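Understanding the architecture of this molecule
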Amino acid sequence: MIQALFLGGAGLMLLAAAAGVIGGGDSGAGRRKAALALVIAGTVAWMAASAGVLADGAAVDFTLYRLAPDLAFAFHLDRLSAFFCLIIAAVALCTAVYSLKYIEHGAGGRQRDFLTAAMAVFILSMGLVAASANFFALIFFWEMMSLSSLLLVLYERDRAETAKAGVYYLVMTQFSTLFLLLGALLLHRYTGTFNIGAADLSPAAAGLIFGAFFIGFGTKAGVMPFHKWLPFAHAAAPSNISALMSGVMIKVAVYGLVRILLDVLSPELWWGTVLLVFGIVSAVLGVIYALKEHDLKKLLAYHSIENIGIIVIGLGLYVIFSHYSLAALADLSLFGALFHTLNHAVFKSLLFMTAGSVVAATHSRNIEEMGGLVKRMPATAVIFLIGAAAISALPPLNGFASEVMLFQAYLGAFQVPSPLTAVLLFTALAAFALMSALAAACFVKAFGAVFLALPRSKEAEQAVEAPRAMLIGPGILAAACVVLGIFSAQIFRAAGFDLPLIDLLPVTAVTGAIFGLAVFLVRRSGSRVRLSETWGCGIHRQNSKMEYTASGFSEPIVTIFSPIFRTRKSLRREYADRDKSIVTGGSGEIHTLQFFEERIYLPAARLVQRLSGFVSRLHNVDLDAFVLYAFVVIVILLLAVGRWL
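The residue numbering used here restarts from 1 in each chain and proceeds along that chain's sequence as written. Note on the predicted model: pLDDT of at least 70 is required for a residue's local features to be given, and 80 or more for side-chain atom pairs to be given and counted; whole-chain, interface and lining totals, by contrast, use all residues. Remark: hydrogens and water are excluded; side-chain values derive from all non-hydrogen atoms of the structure.

1. Some words on the pattern of salt bridges
- Throughout this description, the term salt bridge denotes a Lys or Arg side-chain nitrogen within 4 Å of a carboxyl oxygen of Asp or Glu. As enumerated under the stated definition, the model contains 13 salt bridges in all.
- The salt bridge involving Arg-493 is made with Asp-503; its shortest N-O contact spans 3.9 Å. Of this pair, Arg-493 sits in helix α19 (residues 488-494) while Asp-503 sits in the loop between α19 and α20 (504-525), and the two are 10 residues apart along the sequence.
- When salt bridges that share partners are traced, they join Glu-156, Arg-159, Glu-161, Asp-295, Lys-298 and Arg-365 into one network. A helix here means a DSSP run of H or I that spans at least four residues, while a strand means a run of E at least two residues long, and both kinds are numbered starting from the N terminus.

2. A closer look at the UniProt feature "domain: NADH-Ubiquinone oxidoreductase (complex I) chain 5 N-terminal" (unreviewed entry) in the protein chain
- UniProt positions are given in the numbering used here, feature names are shortened, and annotations may be inferred rather than shown by experiment. Under the present numbering, the feature "domain: NADH-Ubiquinone oxidoreductase (complex I) chain 5 N-terminal" (unreviewed entry) in UniProt falls on residues 71-106.
- Strand forms 19% of residues 71-106 and helix 67%; the C-alpha atoms that close the span are 41 Å apart.

3. Notes on the UniProt feature "domain: NADH:quinone oxidoreductase/Mrp antiporter transmembrane" (unreviewed entry) in the protein chain
- What UniProt calls "domain: NADH:quinone oxidoreductase/Mrp antiporter transmembrane" (unreviewed entry) maps, in this numbering, to residues 132-413.
- Helix makes up 79% of residues 132-413 and strand 0%, and the two end C-alpha atoms of the span are 36 Å apart.

4. A word on the nonpolar core
- We call a set of buried residues a nonpolar core when its members are Ala, Val, Leu, Ile, Met, Phe, Trp, Tyr or Cys and they connect through side-chain atoms within 4.5 Å of each other. Burial classes: relative accessible area under 20% of the type maximum marks a residue as buried, over 50% as exposed, and values in between as partly exposed (1.4 Å probe, protein chains only). If you look at the biggest cluster of nonpolar residues, it comprises 208 residues, and the most contacted ones within it are Trp-229 and Met-245.
- Of all the elements, helix α12 (residues 327-362) adds the most residues to this core, at 19 residues.
- Setting aside chain neighbours within four positions, we find Trp-229 in contact with Tyr-168, Tyr-169, Met-172, Thr-219, Lys-220, His-234, Met-245, Met-249 and Ile-250. Any pair of residues with heavy atoms lying within 4.5 Å of one another is described as a contacting pair.

5. Here we look at helix α21 (residues 550-560)
- Considered for burial, the residues of α21 that qualify are Ala-550, Ser-554, Ile-557 and Val-558. Taken down its axis, α21 places every buried residue within 105° of arc, on the same side. It is the directions from the helix axis to the C-beta atoms that the arc portrays.

6. Some words on the state of the cysteines
- Only a pair of cysteine sulfur atoms within 2.5 Å counts as a disulfide in this structure description. Using the criterion set out here, one finds 0 disulfides in the structure.
- Here Cys-85 is not disulfide-linked; the sulfur of Cys-94 is the nearest cysteine sulfur, at 16 Å.
- As a non-bridged cysteine, Cys-481 has Cys-94 as the owner of its nearest cysteine sulfur, 10 Å distant.
- The exposure class assigned to Cys-481 is buried, which follows from its relative accessible area of 0%.

Written out as structure tokens, the structure reads:
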């Protein structure tokens, strides 16, 4: 039954892709909606199959096609893969509902057909990666996922920014695949199989394979310093695709990392230290870079890096506590990381979808050109606010519930016998607390600049509420943020996990009762409320230029972290008099160093360019030189083969 549901869901998505490819141009809206309905049906089938495995606990194995004895498209659905398939299906379902109207906002009928078809293939490939039983199938569907997402990133390929995003994404995604392939080949070299299962290896071999898989999966997940593709690609892609990429695609990489740690290799202490350090760097720098962003989608993309850092921190804590046989703390860390994986998929998809509605209404991603949208798009504003509160880890929402699990695990550092490791954990705890505070500040800026005050552009002034379908999709996810937060302890108990969690249900009930009583008493008192405009320095009527801008809000924080940003400020003033006592106008700019781009990626790209030039010059020779090259290569191959045999 579960196998039939899973394959049936995959078949429906293939049909959706075929319907999109056949297309109908400008008159194909009905066909595109039918294709999206097939995607929705397929995700429902996957959710049913995943729920069945999670409830029963028994793994389901089946083989679809075998190319060779060791190369087969085989699948394995256990609780871990079913959990990730459930995340993929749930987020994809909401995204498909949102896309019913969002796709029709795009340009050109043929492009909309392509977007629908590629989206179906993209969702299908992500689910198949999570269900793969061996590395052959995993890497095959991984490449299918990478190629379909690359085409979706290049959807608006006539824009220069999109071309840059496509180049970054192409290079980094192939970099990721290269290391996954290396890890799989090394594993095959030592075990003789591509199956994903326990491997008995020496510490050196296991460490080498872990390093290859960590770089491979970490690059796709957006772990710093392999993250650079992520802000460009998520910003360039259509918003429904950004929701899928940030919500679930990077979680597929998290799935791979978790699978390697739990079922394939035996982790050592230094692996946990590596995961913890990379996680902290990603979490803290991710939120710091998000604070200076005024591009709404890039801001959300940097927060994806931050949240991936949080998940990797949880995995690092799991490895460290497991090494010291602190099983309860290890379980708390692992389930905290997995729960945050689910929560981030929910609220980040929600935020990207509502951001897409805002961008579609204002025709801009620059939050400095927005403002005042809470009156024009009230439902979108409420949904975005729930997502912003959840990602800022405010109680009683789901972001708080998972982050507090990791805080609880951190406090167990007192039980670690190694003083050096304990110091590392408490240092990481301080950075974790700083990251949480900065995330809240960033979303105060984002919500305030986008939705509050007066519109700062004509487009923002004329914005209208999103269509119903573009509210239902993120609205479901907003409700999930509330339910997963308030009932988190009950959900874990129902799933059979006995963890020391804070029960947010009574806390929420008491807080709600106090708030309701306060509102009742204020209204009952009958006190008069006086409404008036804020004092505007004597100016008769206030305008949007007098508002607190996003740049002004983040400027103190950017100044505090200027050693990281290498901030350079430039001011230009115009004066009305020769003595420069009366200012009539001017402008100011803050330049920040793009460290990873300017110090790592661009030097590497220049080195590759120089090497390519050298190889090109070697090619530009006569026939005799080519014969010499062939002779040298044959000699090297003969020597290599002779040594191997």
